[in-house]
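Observations on the model geometry
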Amino acid sequence: MSRFSERLKQLRREREWTQQNVADRLKISKSSVNMYERGEREPGIQTLEAIADLFNVDMNYLIGTSDIPNHAVEETLKANLVPFSPTHRIPILGRIRAGLPLYAEEHVEGYTYTELNGGAEYFALRVTGDSMSAARIGDGDTLIIRRQECVENGQIAVVLVGDDEATVKRFYQTGHTVTLMPQSTNPIHQPQIYDTRQTQIRVVGLVVQSLINF
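Residues numbered from 1 in each chain as written. Predicted model: local features only at pLDDT ≥ 70, side-chain atom pairs only at ≥ 80, totals over all residues. Heavy atoms only, no water.

Our next topic: the side chain of arginine 12. For arginine 12, the position within the fold is in helix H1 (residues 2-14). Setting aside anything within four residues of it in sequence, one finds arginine 12 in contact with Trp17, Thr18, Gln19, Val22, Glu37 and Phe55. (Helix = DSSP H or I, 4+ residues; strand = E, 2+ residues; numbered from the N terminus. Contact = heavy atoms within 4.5 Å.)

Dropping the structure here:
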């Protein structure tokens with residue numbers, strides 16, 4: 001992938017970015033960027049997609065099989081007045097745990113796309129278990145979540161309890177008492193009640209969409 005290393009270096013220099021700038025935006029190490037540019041290491045497909053998105057170029061241009069950057073194709077589409085539906089890529093997190101950045105490398109399992117926008121920040125989360133099955137959120141489904149620290153009572157939220165991994169429940173708070181309410185056809189799931197003076201409760205985001213896993 002010698003053309004890839006050349007293209008990556010060229011795109012970075014065009015933006016007057018350092019290797020550290022690129023590493024920070026991709027959430028990878030500077031040494032990885034350095035090895036990519038020197039042709040000593042080949043990125044995986046997900047990293048290639050992330051690099052293409054970062055520089056707004058087509059994947060084929062990035063790896064050197066095409067000489068037409070993505071922005072040139074976009075200008076052609078605009079000139080021909082071809083309508084398009086804007087989407088943006090968001091990370092799918094396998095888990096969320098306290099003490100780590102939300103998009104830490106060990107969290108990200110892949111990526112999906114959403115048309116949701118409005119200036120908000122979104123991420124996706126794969127569901128494990130059936131504690132929200134009655135709300136049509138099943139095991140293996142993918143949730144689209146708007147990142148925010150507060151939700152209204154009764155809304156379905158992603159919540160961190162202490163140092164445990166995040167849970168998806170209906171959120172209720174009265175004073176210092178927080179209730180995380182399951183909505184399941186399985187009676188094993190019971191309300192979880194916490195005193196915020198004894199247990200740290202942190203809302204990570206609001207569930208805005210569920211993509212059903214067939």
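Alright, that's what it looks like, and here's the rest.
To continue, consider the packing of helix H2 (residues 19-26) against helix H3 (residues 30-37). For any two helices packed against each other, the geometry is given by the interaxial angle and the distance between the axes. In contact at an axis separation of 8 Å, H2 and H3 are set at 115° when each is read in the N-to-C sense. Of the two possible hands of crossing, H2 and H3 adopt the one that is right-handed. In this structure, H2 contributes Gln19, Gln20, Val22 and Ala23 to the contact, and H3 contributes Lys30, Val33, Asn34 and Glu37. (Axes fitted to C-alpha atoms, helices over the stretch in contact; angles between N-to-C directions. Left-handed = near helix turned anticlockwise from the far one by under 90°.)

On to the sheet that holds strand E6 (residues 167-174). Spatially, E2-E1-E3-E4-E9-E5-E6-E7-E8 is the arrangement adopted by the nine strands of the open sheet, whose pairing is mixed. Single-partner strands in this sheet number two, and they are strand E2 (108-114) and strand E8 (192-195). When strand polarity is set aside, the average angle formed by the axes of neighbouring strands in this sheet is 40°. As paired strands, E6 and strand E7 (residues 177-181) are joined by five bridges and run antiparallel to one another. Residue pairing in the sheet places glutamine 173 in a bridge with valine 178 of E7. (Pairing = 2+ DSSP bridges.)

Glancing now at the pairing of strand E4 (residues 142-147). Across five bridges, the pairing between strand E3 (residues 122-126) and E4 is antiparallel. The residue bridging tyrosine 122 from the neighbouring strand is arginine 146, located in E4. The pairing of E4 with strand E9 (residues 201-211) spans six bridges and is classified as antiparallel. Bridge pairing links isoleucine 144 to glutamine 209 in E9.

This part takes up the packing of aromatic side chains. Taken as a whole and judged by the stated rule, the model has two aromatic pairs. With a centroid separation of 6.2 Å and 65° between ring planes, the pair formed by phenylalanine 4 and tyrosine 36 is classed as edge-to-face. Here phenylalanine 4, found in helix H1, pairs with tyrosine 36, found in helix H3; they are 32 residues apart in sequence, far enough to count as distant. The side chain of arginine 25 reaches across the aromatic face of tryptophan 17, ending 4.1 Å from its centre. It is arginine 89 that lies over the ring of tyrosine 111; its NZ or CZ is 3.8 Å from the centre. (Phe/Tyr/Trp six-rings, centres within 6.5 Å; stacked < 30°, edge-to-face > 60°. Lys NZ or Arg CZ within 6 Å of the ring centre and 35° of its normal.)

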